[in-house]
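# Working through the structure, step by step
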Amino acid sequence: MIIAVDGPVAAGKGTLARRLAGALGLAYLDTGSIYRAVAAKILAAGGDPEDHGQAVETARGLDPADLARGDLRREDVGQAASKVAANQTVREALLDFQRRFARQPPGGEAGAVLDGRDIGTVVCPGAEVKFFLTASIEARAARRHKELLQRGEESIYARVLQDLRERDARDSGRTTAPMKAAEDALRLDTSEMDADQAFAAAMAEIANRRGPSGAG
Ligand code: CDP
């Protein structure tokens, strides 16, 4: 079973996808961390994430161990990731890894939950269940701001809001695999939901799609 969780910055994808994977015994892949890892390596080398050749070379040479880098959640890495992610050759280079993970999870699980921007549309269009999470930009900025402060980082709300706007525009405006809901995705607006409510709504939908016997 493959579950796709897509949506914009800070819509709650990671929290939901991780909980679904735990509850259903599935593997979890945060595909954003792959783009973040490429971006972090380029920034650490003093490079430019918009340099085509460097981005492609870094993506092709990516090691799964790079996904555990300590700097992936930095805001500048997120911005650089969305620049790297607009590069079609980079996306192609990263596609196999994601599909292999979904089909044959490394821990031998019976399936996987992947979160990102194009899981339901491009990476796993055949996923059994697809969610597209949204939330107002203010709710998302407030969450990201709180997350940064909790991690002990400096954060200014207005700046976070501006960063989110830029990244959303880049992610939905790019020509390759733009962020958008798959036609068969269930849209969940989490503006007024906490993590427990989003999880309950998603589990109800999964039960619904699997049918009353729980099979399928
Ligand atoms: O966690 P957050 O919402 O900040 O973003 P993320 O999921 O870590 O993704 C970082 C960036 O990678 C996004 O802004 C996208 O540009 C890109 N990305 C993508 O293009 N396709 C994916 N499947 C996942 C992430």
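Attention here is on the structure that accompanies the text. Bear in mind the structure is a predicted one, so any value in this text is a computation, not a measurement. (Residues numbered from 1 in each chain as written. Predicted model: local features only at pLDDT ≥ 70, side-chain atom pairs only at ≥ 80, totals over all residues. Heavy atoms only, no water.)

## What about the site of the ligand?
Neighbouring the ligand are 19 residues, the closest being Arg36, Arg91, Arg144, Arg167 and Asp171. Contacts to the ligand include arginine 91, whose side-chain N or O atom sits 2.7 Å from an oxygen atom. Note that a nitrogen atom of the ligand is positioned 2.9 Å from one of the side-chain N or O atoms of aspartate 118. Alone, the ligand offers 530 Å² of accessible surface; in the complex the protein occludes 97% of this. Mapped onto the shell around the ligand, the elements with two or more residues apiece are α2 (32-44), α4 (75-84) and α8 (157-173). Here the residues of the shell around the ligand are counted per class, giving five nonpolar, four polar and ten charged. (Near = heavy atom within 4 Å. Polar contact = N/O pair within 3.5 Å; in protein donor to acceptor, adjacent residues only side chain to side chain. Areas by Shrake-Rupley, 256 points an atom, 1.4 Å probe, with all protein chains shown as cover. Helix = DSSP H or I, 4+ residues; strand = E, 2+ residues; numbered from the N terminus. Nonpolar A, V, L, I, M, F, W, Y, C, P; charged D, E, K, R; others polar.)

## Brief notes about the sheet that holds strand β2 (residues 27-30)
Strand order in the open sheet formed by five strands is β2-β3-β1-β4-β5, with parallel pairing between adjacent strands. Bordering the open sheet on either side are β2 and β5 (186-189), each of which pairs with just one other strand. Strand-to-strand, the axes of this sheet are offset by a mean angle of 20 degrees, without reference to chain direction. Pairing analysis gives four bridges linking strand β4 (residues 129-134) to β5, with the strands arranged parallel. Counted as the bridge partner of phenylalanine 132 is arginine 187 from β5. Contacts between helix α9 (residues 195-210) and the sheet are confined to β1 (2-6), β4 and β5, with β4 contributing the most and set at about 155 degrees to the helix. (Pairing = 2+ DSSP bridges. Axes fitted to C-alpha atoms, helices over the stretch in contact; angles between N-to-C directions. Contact = heavy atoms within 4.5 Å.)

## What about the environment of alanine 112?
Topologically, alanine 112 is positioned in strand β3 (residues 112-116). The spacing of alanine 112 and alanine 23 is 89 residues in sequence and 12 Å in space, taken between C-alpha atoms. When near neighbours in sequence (up to four residues on either side) are disregarded, alanine 112 contacts Met1, Ile2, Ile3, Leu26, Ala27, Phe101, Ala102 and Pro105.

## Looking at α2
Given a rise of 1.5 Å per residue, 13 residues ought to cover 18 Å, and the 18 Å separating the end C-alpha atoms of α2 matches this to within 8%. Lining the buried residues of α2 we find β2, α3 (52-60), α4, α5 (88-103), α7 (137-150) and α8. Glycine 46, located one to two residues past α2, shows a positive phi value of around 75 degrees. (Expected span 1.5 Å × (residues − 1).)

## Focus on the packing of α3 against α5
In contact at an axis separation of 9 Å, α3 and α5 are set at 5 degrees when each is read in the N-to-C sense. The angle between α3 and α5 places the two elements in the roughly parallel class. Of the residues in α5, those in contact with His52, Ala55, Val56, Ala59 and Arg60 of α3 are Thr89, Val90, Ala93 and Leu94. Here the residues of the contact of α3 with α5 sort into six nonpolar, two polar and one charged. (Parallel < 35°, antiparallel > 145°, perpendicular 65-115°, else oblique.)

Purely geometric stuff here, so don't read any function into it on its own.
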